[in-house]
Amino acid sequence: QVQLVESGGGLVQAGGSLRLSCAASGRTFSIYGMGWFRQAPGKEREFVAAISWSGGSTNYADSVKGRFTISRDNARNTVYLQMNSLKPEDTAVYYCGKHESPMIRTVVVGEEGYDYWGQGTQVTVSS
């Protein structure tokens, strides 16, 4: 069983920054890719960013490229999402997820490739 706990959300003005963290339980964190997704009110959950198990591959949604950076610290069992130049349209609940399969070279952008999710953290960007 894996538990994922997100933190770092909050209220920020447009143009500001936040860093989200996702702490994972278990000793096998380092062999799984991880991803961040978000869900705005009235919308479906959408892909934001993902990172491979080694950290060597990343992928971003077009809407966040150049503004968000995903990273991981396997010694701390934690994945991060640094969010800069935030916009009101980034307002959403942000979820981290764990890849279903271990040690795959590519990152997974579809929800169906994830088997565990955190409870989410709210990010609100005011204009």
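The text that follows walks through the structure, step by step, so that each part is easy to find. (Residues numbered from 1 in each chain as written. Predicted model: local features only at pLDDT ≥ 70, side-chain atom pairs only at ≥ 80, totals over all residues. Heavy atoms only, no water.)

### Re the sheet that holds strand β7 (residues 68–73)
Spatially, four strands are ordered β1-β3-β8-β7 in an open sheet, and the strand pairing comes out antiparallel. Both outer strands of the open sheet, β1 (4–7) and β7, are each paired with one neighbouring strand and no more. Looking at each pair of strands side by side, their axes are set apart by 15° on average, direction ignored. Note that β1 and strand β3 (residues 18–24) share four bridges and pair antiparallel. (Pairing = 2+ DSSP bridges. Helix = DSSP H or I, 4+ residues; strand = E, 2+ residues; numbered from the N terminus. Axes fitted to C-alpha atoms, helices over the stretch in contact; angles between N-to-C directions.)

### Regarding the packing of aromatic side chains
Per the stated rule, a full pass over the model turns up four aromatic pairs. Ring centres of Phe37 and Phe47 lie 5.6 Å apart, and the angle between their planes is 75°; this geometry places the pair in the edge-to-face category. Here Phe47 lies in strand β5 (residues 46–51) and Phe37 lies in strand β4 (residues 32–39), a separation of 10 residues in the sequence. When sorted by exposure, Phe37 lands in the same class as Phe47, which is buried. For the ring pair Phe37 and Trp117, a centre distance of 5.1 Å and an interplane angle of 80° mean the geometry is edge-to-face. Separated by 80 residues along the polypeptide, Phe37 in strand β4 and Trp117 in strand β10 (residues 114–117) bring together distant segments of the chain. The rings of Phe37, Phe47, Tyr114 and Trp117 are connected pair by pair, giving a single aromatic cluster. Sitting over the face of the ring of Tyr32, Lys98 holds its NZ or CZ atom 3.8 Å from the ring centroid. (Phe/Tyr/Trp six-rings, centres within 6.5 Å; stacked < 30°, edge-to-face > 60°. Buried < 20%, exposed > 50% of the residue type's maximum accessible area, 1.4 Å probe, protein only. Lys NZ or Arg CZ within 6 Å of the ring centre and 35° of its normal.)

### Thoughts on empty space enclosed by the protein
Following the criterion strictly, the structure yields one cavity of 30 Å³ or more and no others. The volume enclosed by the largest cavity comes to roughly 50 Å³. Every residue lining the largest cavity is listed: Val2, Leu4, Ala24, Ser25, Thr28, Phe29, Tyr32, Met34 and Lys98. Residue composition of the lining of the largest cavity, grouped by class: six nonpolar, two polar and one charged. (1 Å grid on protein atoms, 1.4 Å probe; cavity = no way out; pocket = protein on both sides within 12 Å on 5 of 7 lines; lining within 4 Å. Points joined across faces, edges and corners; volume = space filled by probe spheres on them. Nonpolar A, V, L, I, M, F, W, Y, C, P; charged D, E, K, R; others polar.)

### Section: the pattern of salt bridges
Overall, the coordinates contain seven salt bridges when judged by the stated rule. A salt bridge links Arg45 to Glu111; the shortest N-O distance between them is 3.1 Å. Taken together, the residues Arg45 in the loop between β4 and β5 and Glu111 in the loop between β9 (92–102) and β10 connect sequence positions 66 residues apart. Judged by its relative accessible area of 24%, Arg45 falls in the partly exposed class. Ionic pairing is found between Arg76 and Asp73, a salt bridge with its closest N-O pair at 3.3 Å. A relative accessible area of 24% places Asp73 in the partly exposed class. Each of Arg38, Glu46, Arg67 and Asp90 takes part in one network of salt bridges that share partners. (Salt bridge = Lys/Arg side-chain N within 4 Å of Asp/Glu carboxyl O.)

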